[in-house]
Amino acid sequence: MRRILRTSKSVTGAAVALLALGTWLPASAEQFRQLGAYQGHYSLVPTTFLSPEVAADYGITRGRDRALLNVSIIDPDAGPVRAEVTGTVRDLLGIVQPLEFEEILEGDAVYYLATVKHADQEVLRFAIDVRTPDGASHLLTFQQKTYWDDR
């Protein structure tokens, strides 16, 4: 897992942080699961939602067949925390893609980004392994239908 450390909050960082929190997305776009004492928040959005500048700043390839997975681990009492995050995504044919997460450290924010290639109207099943700061292992699973976006 590659780490990106930013020493100050930037405009592009703020845009990705907003993406992480789902503040500009419909309420159903950002979800979470309880992981012991922590919450695992996740969202999957088309990479075309990002401006070309933000995508370039984070090394994200934009395309109608690509989505950005954002995972944040939250301690309800202390805020975002660092964790070990790995995982895979499987399509309905059983083809598995490993997820290559990048840890983003920016001010108090901590989030994990991975891109996923997909077909139009494809259902993807995600299995995210999370080792929380207390050393416990958790499996965060969900599925989501993806669409091509031609922005």
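Scroll up to find the structure.
Cut-offs and rules
Residues numbered from 1 in each chain as written. Predicted model: local features only at pLDDT ≥ 70, side-chain atom pairs only at ≥ 80, totals over all residues. Heavy atoms only, no water. Pairing = 2+ DSSP bridges. Helix = DSSP H or I, 4+ residues; strand = E, 2+ residues; numbered from the N terminus. Axes fitted to C-alpha atoms, helices over the stretch in contact; angles between N-to-C directions. Phe/Tyr/Trp six-rings, centres within 6.5 Å; stacked < 30°, edge-to-face > 60°. Buried < 20%, exposed > 50% of the residue type's maximum accessible area, 1.4 Å probe, protein only.

A. Representation of the sheet that holds strand β11 (residues 137–146). Judged by pairing direction, the sheet is antiparallel, and its four strands sit side by side in the order β7-β6-β10-β11 without closing on themselves. The sheet is open, and its two borders are formed by β7 (96–99) and β11, each paired with just one other strand. Averaged over neighbouring strand pairs, the angle between their axes works out to 20° when direction is ignored. Sheet analysis places strand β6 (residues 84–91) next to strand β10 (residues 122–131), joined by eight bridges and oriented antiparallel. Bridge assignment links E84 to a residue of β10, and that residue is R131.

B. Local environment of the packing of aromatic side chains. If you walk through the whole model with that rule in mind, you get two aromatic pairs. For the pair F126 and F142, a centre-to-centre distance of 4.6 Å together with 10° between the ring planes defines the contact as stacked. Of this pair, F126 sits in strand β10 while F142 is found in strand β11, placing the two residues 16 residues apart along the sequence. Comparing F126 with F142, the two get one shared label, buried. Put simply, the rings of Y42, F126 and F142 pair up and form one aromatic cluster.

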